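Structural overview for review
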Amino acid sequence: MAEQREQFRSRLGFILAAAGSAVGIGNLVGFPVNAAKSGGAAFLLVYALFVVFICLPVMIAEMSLGRNTQRNPLGAYNAASDNNKMWRIGGWLAIITPFMIAVFYQVLTVWLLAYFIGAVTGNLEAMAQPDYFSTFINSNSVFLYLIVLTILIGIILNSGVQNGIERLAKILMPTLFVMLLTLVVFVFTLPNAGIGLQFYLVPDIGKITPSVISNALGQAFFSLSLGMGILITYGSYVSKRDSIAGGAKMVALVDTSVAFFAGLLILPAIFVFNPEINTEELSTSSVSLVFTFLPKIFLSLQTLVGVIGANLFASAFFLLVFFAALTSQVSILQVPISAFQDELGYSRLKSVLSLGGCAALLVVASTMSFGMSPFFTEFTAYGGAVKSLFDVIIDVFYDTILPLNGLIVCLFVVYRWRKTSFNQELSVGDDNFEGSFTQKYVNLSVGTFIPVVLLLVFINTVALKFFGFSFV
Ligand code: PFF
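Residues numbered from 1 in each chain as written. Predicted model: local features only at pLDDT ≥ 70, side-chain atom pairs only at ≥ 80, totals over all residues. Heavy atoms only, no water.

**Details of a nonpolar patch on the surface**
Short version of the rule: A patch is a set of surface residues, each over 30% in relative accessible area and not in a salt bridge, joined within 9 Å for like charges and within 5 Å for the nonpolar side chains Val, Leu, Ile, Met, Phe, Trp and Tyr. Residue burial considers only the protein chains on display, and all accessible areas are found by Shrake-Rupley using a 1.4 Å probe. We define a salt bridge as a contact between a side-chain nitrogen of Lys or Arg and a carboxyl oxygen of Asp or Glu at a distance within 4 Å. To qualify as a helix, a DSSP run of H or I must reach at least 4 residues; to qualify as a strand, a run of E must reach at least 2; elements of each kind are numbered from the N terminus. Burial classes: relative accessible area under 20% of the type maximum marks a residue as buried, over 50% as exposed, and values in between as partly exposed (1.4 Å probe, protein chains only).
Where nonpolar side chains cluster on the molecular surface, the patch consists of V452, L455, L456, I459, F467, F469, F471 and V472 and spans about 870 Å² of accessible area. Mapped onto the secondary structure, F467 falls in helix α20 (residues 437-467). By relative accessible area, F467 is classed as exposed at 64%.

**Observations concerning the site of the ligand**
Short version of the rule: Being near a molecule or strand, for a residue, means having at least one of its heavy atoms within 4 Å of it. For the purposes of these results, a polar contact is taken to be a pair of N or O atoms within 3.5 Å, where, inside protein, one atom must be able to donate a hydrogen and its partner to accept one; residues adjacent in sequence count only when each atom of the pair is a side-chain atom. Three residue categories are used. Nonpolar comprises Ala, Val, Leu, Ile, Met, Phe, Trp, Tyr, Cys and Pro, charged comprises Asp, Glu, Lys and Arg, and polar comprises the others, including Gly.
The environment of the ligand is made up of 15 residues, and the closest members are A22, G26, Y105, F222 and S223. A distance of 2.8 Å is found between an oxygen atom of the ligand and a backbone nitrogen or oxygen belonging to G26. Taking N27, its side chain carries an N or O atom lying 3.2 Å from an oxygen atom of the ligand. Protein burial of the ligand: of its 340 Å² of free accessible surface, 100% is covered by the chains. Looking at the shell around the ligand, the elements with two or more residues in it are α1 (11-22), α2 (25-37), α11 (210-223) and α15 (288-344). Looking at the shell around the ligand residue by residue, the class counts come to seven nonpolar, eight polar and no charged.

**Quick look at the pattern of salt bridges**
On inspection of all chains with the given rule, the structure shows five salt bridges. The closest approach of N and O atoms between R71 and E343, which form a salt bridge, is 3.6 Å. One end of the pair, R71, is in the loop between α3 (41-69) and α4 (73-80); the other, E343, is in helix α15, and 272 residues separate them in sequence. One connected set of salt bridges, linked through shared partners, spans R67, K240 and E425.

Take a look at the structure:
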């Protein structure tokens, strides 16, 4: 019921909760890997432009839709379109997408849990070996961690302790940020870090290719949790006394800063440990990069703080990254779970069990798609490459559907919900909004320029990923 919906008690509470959900594997693993793969500084530049000029207005649109309708994404699309059937597609996509993203996310969160246990048990030396990661993800122990994690997430979701976890996240997230900065400073002191720094910060405009653009947009959407209904849901808890535009700017700033510093750590580290590496080799980077280089960084830290000190630091760091992933994972799953409760009238337990059961099957299949099962490993082929089930989920949901959902939100907000309602909602709790630069830009772009850019990038991504066709 709209009237009974809880609200964030303060603006800071909302910003921290939204940032806690947004900061996760996308920032700490996805961003550095994509930056390494897509030309370093060229990627960073395109990413930053997307965040400011495209993603921020989309974020504002999602949040205002949520606050105005006080509903989950499916309900929000229905309420703001007077139950128009066509727009329901937008609502359904905003439910299916987070569900599939949650599947992909859980596979990676399991690895983080295992790396935390590895660090605690003093296994850093082995974890820094080049083959450790690929051997580990194909070992049976993955399933043990998977069971532990699934039970943990199930308990959190069903017991409603999310609030407690979010409160804890408010202390742990800043701690993670400080540890990240400490590691950045440490890596800067190592030989050859400067080469990585240059690769990361000095853009070569010639490296901005269609694939860099596609990767940057997908990554920005994922990292800011856009196109997944999460911000519609968060928006529905924002008090009418708070400024949506102001909150959105803060969330984007926090999220982008964490991603930026993760890049500032990993990219120089690549060159510290592998000074001879060239762009060609970097272009094939995958998540294994972060899982191999972090243990290497911690091992080097031993010279400074000793073996025990380095192990303690590594354990705390992996625990915090795991925690960041766990808070994100819980918030992603929350979207389809509340939709099932609100729209289908399921109880909380029934929603958790039915969605969790389906997700668990897909997670197991994805976990087996790195070599364990030939069927899931060579699941299909398109765009000139053989693809595993895990690849398909990433290509379809991470890279393609997120910007498409963003496009639908923009069109919906401007052409169905209408500009006046949108503007009115944004002025609520924000006396300075009327006449501000933000208002002018958002009004100008959300119905015109942004949908065009999102459509072009969507076409580009589909052509590249699924048909192996590049426009340039
Ligand atoms: N934005 C998170 C990350 O970068 O890891 C992932 C995420 C969290 C996506 C919550 C969606 C969401 F609802």
